[in-house]
Amino acid sequence: MAKSKKCNAKKQSYISVPSQIIATLSSSSIQSLLVPPKKKIKPSTGFFLGHHYSCRRPGVWLLALFCFALVGLLRLGWNVNTLIPFSPYPCLGTLSIPHLIDRVGETHLVSRAAQRPPASNSGSEFWKQPDGMDYRPCLEFSAEYKRASKVISNDRRKYLLVVVSGGLNQQRNQIVDAVVIARILGAALVVPILQVNLIWGDESEFSDIFDFGHFKRVLADDVRILSSLPSSHIKMRPVEENRTPLHASPQWIRAHYLKRIKKGGVLLLRGLDSRLSNDLPPDLQKLRCKVAFQALRFAPPILELGNKLARRMQSKGPYLALHLRIEKDVWVRTGCLPGLSKEYDEIILNERRRHPELLTARSNMTYHERKLAGLCPLNAFEVTRLLKALGAPRSTRIYWAGGEPLGGKEALSPLTGEFPHFYNKEDLALPGELEPFAHKASFMAAIDYIVSTESDVFMPSHGGNMGHAIQGHRAYAGHKKYITPNKRHMLPYFLNSSLPEAEFNRIIRELHRESFGQPEVRASKARRDVTKYPVPECMCKRRASNTTT
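Attention here is on the structure that accompanies the text. Note that this is a predicted model, so its numbers are computed, not measured.

### So, the packing of aromatic side chains
- One pass over the structure, following the stated rule, counts 13 aromatic pairs.
- An angle of 15° between the planes, with centres 5.7 Å apart, marks the rings of Phe210 and Phe298 as stacked. Of this pair, Phe210 sits in the loop between helix H9 (206-209) and helix H10 (212-218) while Phe298 sits in the loop between helix H12 (282-295) and helix H13 (300-314), placing them 88 residues apart in sequence.
- Judged by relative accessible area, Phe210 falls into the buried class, the value being 1%.
- Judged by relative accessible area, which is 4%, Phe298 ranks as buried.
- Their ring planes at 10° and their centres at 6.0 Å tell us that Trp400 and Phe422 sit as a pair that is stacked. Residue Trp400 is located in strand S9 (residues 398-401), and its partner Phe422 is located in strand S10 (residues 422-423); the two are separated by 22 residues in the primary sequence. There is no split in this pair, since Trp400 and Phe422 are both buried.

This is the structure in structure tokens:
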């Protein structure tokens, strides 16, 4: 019996379409797939509503669905590229960020993108990492240290309170030393109090910036960490001390504080910046590293956003993190001039005349003497010349950490002109991501710290607490590339306008041959900070007998 040419109107057919395509189609596109347009056309010639025609020609339906799928795939390919919020000149205008990132699922896409593509041949030498000489973290404490730990953990008579001041990285250094001092005294450490910074007005507490639970767990075998004084000591008036000398030894700490803390029960210390000696017994040096590199982890909200921004930078290959120290207060404090124009130089000179106490550089030196001695920050023009001489290609993607530069966009123009892929946290963040951290300088500095630590190459334009902290962190992570500008020796060549560019580049590369973060033994220079140079106390060459943590 011949089959009827009529189609069964009640019979439904389905076609499988990938979910990624559905996610990228607009609601109107999906609606057009599901609901026929309300348009009166003749049944014999209709494309979607022509019942008889469409049933006789199923190929037309397949062709239409294929076209929709193709359009969806093309749109998906386009959006994957634009999901990462980059623009060629992000710092020079308002950044437009597609909101589709939340709809498709940022975590999935960024995690795939984080599998970095290999660096292109252009400038590949610039991304080459230094020889770490197989050094690895090794924090194996002595048997004597471990025996003393049992006694210290059972002590309920001595409590140490500390107030730390300054910016984020200055506070980090003081917290590290506070833990070591508590260990020296055999005292429990109450969570450090962060002094309100008068410059930035940041009233954050320890647990706002750092993960207190993690801090306490990691140091459980070294120092007892408490969130507050016990009820038995809460009403005691603490013995306060703010006259600790610079670079005090463990012997001095015990001689001056042990009897007082035993008698009073509670000791309060202020102003710990650079108060503890950099030359300590090996176990205490290891404890310093343990605090700096393992215990002081940022609070989860900060860590999550910092890692998210780092993944966005990593998504298109290697990147350079640049710590620019060209804010107004930096020029004032260093006794240097920004070199932008006479107008800006006059602003700095006037500020320095009004507040001479802000000058931290040698007051008997002129600006030019400071500059040639390598005591001034590099400005954007000098940073640009240095990076080009060291082989950074124009395609280099740069994350710049730091505050608002004096002169704004004008101050950055030498860099953005040569390296257009130039971003900061405001450029990378999606709308609303930075709002919880607004007006909190320590939070913003912590995000810069995370993205800088995760970069393939890091370079500061001037020394400072952040640069030193990241130098040690990158060394402890396997000696990731860290460029230390050799300012004292290179600046005379910057001033020599008759030097051919090729010769200038050769000289600059030669001057920096040993300045890329290669392992340096701390003992080679007196009073070096172990958290900046962790070899050999905190890192050793891999051996079967070494225990690494």
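### Looking at helix H23 (residues 501-511)
- Buried residues of H23: Phe504, Asn505, Ile507 and Ile508, and no others. Looking down the long axis of H23, one finds its buried residues gathered within 165° of arc, a one-sided arrangement.
- Packing partners of the buried residues in H23 comprise helix H17 (380-389) and helix H22 (487-494).

### Here's the deal with the sheet that holds strand S12 (residues 481-482)
- With parallel pairing, 5 strands are arranged side by side in an open sheet as S10-S9-S8-S11-S12. Here the strands that pair on one side only, and so sit at the sheet edges, are S10 and S12.
- In this sheet, S10 lies alongside S9 in parallel orientation, the contact comprising 2 bridges. Bridge pairing links Ile398 to Phe422 in S10.

### Points about the pattern of salt bridges
- Inspection of every chain in the model, using the stated rule, returns 26 salt bridges.
- For the salt bridge of Lys146 with Glu140, the shortest nitrogen-to-oxygen distance reads 2.8 Å.
- Note that Lys371 and Glu382 form a salt bridge whose closest N and O atoms lie 2.8 Å from each other. One end of the pair, Lys371, is in helix H16 (residues 367-372); the other, Glu382, is in helix H17, and 11 residues separate them in sequence.
- For Lys371, a relative accessible area of 14% puts it in the buried group.
- Among the charged side chains, a network of salt bridges with common partners joins Asp155, Arg157 and Lys158.

Scoring rules and cut-offs
- Residues numbered from 1 in each chain as written.
- Predicted model: local features only at pLDDT ≥ 70, side-chain atom pairs only at ≥ 80, totals over all residues.
- Heavy atoms only, no water.
- Phe/Tyr/Trp six-rings, centres within 6.5 Å; stacked < 30°, edge-to-face > 60°.
- Helix = DSSP H or I, 4+ residues; strand = E, 2+ residues; numbered from the N terminus.
- Buried < 20%, exposed > 50% of the residue type's maximum accessible area, 1.4 Å probe, protein only.
- Arc of directions from axis to C-beta.
- Contact = heavy atoms within 4.5 Å.
- Pairing = 2+ DSSP bridges.
- Salt bridge = Lys/Arg side-chain N within 4 Å of Asp/Glu carboxyl O.

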